[in-house]
Amino acid sequence: MKLGFGLYKQMLDDEHFAFARQAGATHIVAHLTDYFNKGEDENRTDQPVGDQEMGWGIAKKEEVWPYETLISLKKRLAKHGLKLEALENINPVFWHDILLDGPKRDEQVENVKQLVRNMGKAGIPILGYYFSLAGVAGRIRGRFARGGAVAVGMEGKSEVIDTPIPRGMVWNMIYDSSQIQPGDIIEPISRQELIRRHRDFLNEILPVAEESGVQLAMHPDDPPLKEIRKQPRLGYQPDHFKEIIKTSESPNHVMELCLGTIAEMASGDIYETVEHFAKRDEIGYIHFRNVRNRVPYYKETFVDEGDIDMARIVQILRKHDYRGMIIPDHAPQMSCEAPWHAGMAFSMGYIKALLQYF
Ligand SMILES: O=C(O)[C@@H](O)[C@@H](O)[C@H](O)[C@H](O)CO
């Protein structure tokens, strides 16, 4: 197994690369979408939470990440002894009308194909994506982890969860602020319609992924409620994702298996789910984090204190000879001058020890 580390856009610098390597990472997941593009967000070092009606921020208008950008990032990482294993998430500016089935859909399918080709050419093996209208919305932040460490979670349904998505926004980011008008919302669709949009997207992108040697790794719905912001989720039980991966029938379509999100689901068994995907070789990479309780009351915890027995997960992965990457995803913030660094270093140390002894 490969120990990896995820870095947000604003962390893609030498200092963070050195930190990741020092914490034991050999592989990197890079987020090239700036989730914090609001100018004044003081929480830029923590994960984006999704407790605001207007979402994470304004999606930056930019051209589809070109080959040159990708290869230069790869080379900068290589200087630190790190391999760029995956990009996580697609800027909503590139694909909002694929999610919304809007007028630019076909043009935007070409954007995603181009991104996949650029990744293939640069030798980046995995694109993590999350097919969702509401995106990561409706969580709150609080002193939920051991010793009062700040983490995210849910305390029942917050107001945002039932507030419809305004037009101009999707995936919890604003892609066109000129469209945002009071009362103008995205019409609710059915889960079947969302499944259709996703299937059509895969039918067009997967052949290109296969040709390019890139795997598309699907993130489960986060948080896994049946409906958020009046829109359905692709899935809210492990079985939904098993079904989607099975019907896509391509070795290039796999899971970005987030243990926390799966364990938060109102039903389903995390160990059986990991076993299912590991046995079939359907895991792109793993978000190795822990939670307590299930939606709508779950809380993120330190990696060693939640409901999931992480050693058991590693044993299941070993049993099926899983060779892919695991990353901490995110961790509670620890009380000190570098709360994010301390939380992530704690997770990395714990995971490294598990990998050493199991
Ligand atoms: O902060 C983060 O990294 C999370 O929000 C992600 O795990 C997120 O759930 C996925 O990237 C899916 O978008």
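- The protein has the name mannonate dehydratase in an unreviewed UniProt entry, where Rhodohalobacter sulfatireducens is given as its organism.
- In its Catalytic activity (unreviewed entry) section, UniProt records this for the protein: "D-mannonate = 2-dehydro-3-deoxy-D-gluconate + H2O".
- Per UniProt, the protein carries the Function (unreviewed entry) text "Catalyzes the dehydration of D-mannonate."

1. Considering the site of the ligand
For step 1, the next point in the chain: Close contacts around the ligand come from Gln47, Pro48, Glu88, Asn89, Tyr130, Val136, His219, Asp222, Cys258, His287, Asp329 and His330, and that covers them all.
For step 2, the next point in the chain: Taken together, the residues of the shell around the ligand break down into 4 nonpolar, 5 polar and 3 charged.

2. Observations regarding the packing of helix H2 (residues 67-78) against helix H4 (residues 105-122)
For step 1, the next point in the chain: For the pair H2 and H4, the least separation of the axes is 9 Å and the interaxial angle reads 40°. With respect to H4, the axis of H2 lies oblique. Classified by chirality, the crossing of H4 by H2 is right-handed. Counting all contacts with H2, which are made through Tyr67, Leu70, Ile71 and Lys74, the residues of H4 involved are Asn118, Met119, Lys121 and Ala122.
For step 2, the next point in the chain: For the contact of H2 with H4, the per-class residue count stands at 5 nonpolar, 1 polar and 2 charged.

3. Some words on the environment of valine 116
For step 1, the next point in the chain: Structurally, valine 116 is set in helix H4.
For step 2, the next point in the chain: A tally of 26 C-beta atoms within 10 Å means that valine 116 is categorised as buried.
For step 3, the next point in the chain: Separated by 10 residues in the primary sequence, valine 116 and isoleucine 126 have C-alpha atoms spaced 9.1 Å apart.
For step 4, the next point in the chain: Not counting the four nearest positions on each side in its chain, valine 116 is found in contact with Leu127, Ile205, Val208, Ala209, Ser212 and Val214.

So, how was this worked out
- Residues numbered from 1 in each chain as written.
- Predicted model: local features only at pLDDT ≥ 70, side-chain atom pairs only at ≥ 80, totals over all residues.
- UniProt positions renumbered as here; feature names shortened; annotations may be inferred.
- Near = placed C-beta within 6 Å.
- Nonpolar A, V, L, I, M, F, W, Y, C, P; charged D, E, K, R; others polar.
- Axes fitted to C-alpha atoms, helices over the stretch in contact; angles between N-to-C directions.
- Helix = DSSP H or I, 4+ residues; strand = E, 2+ residues; numbered from the N terminus.
- Parallel < 35°, antiparallel > 145°, perpendicular 65-115°, else oblique.
- Left-handed = near helix turned anticlockwise from the far one by under 90°.
- Contact = placed C-beta atoms within 7 Å.
- Buried ≥ 20, exposed ≤ 12 C-beta atoms within 10 Å, placed from the backbone.

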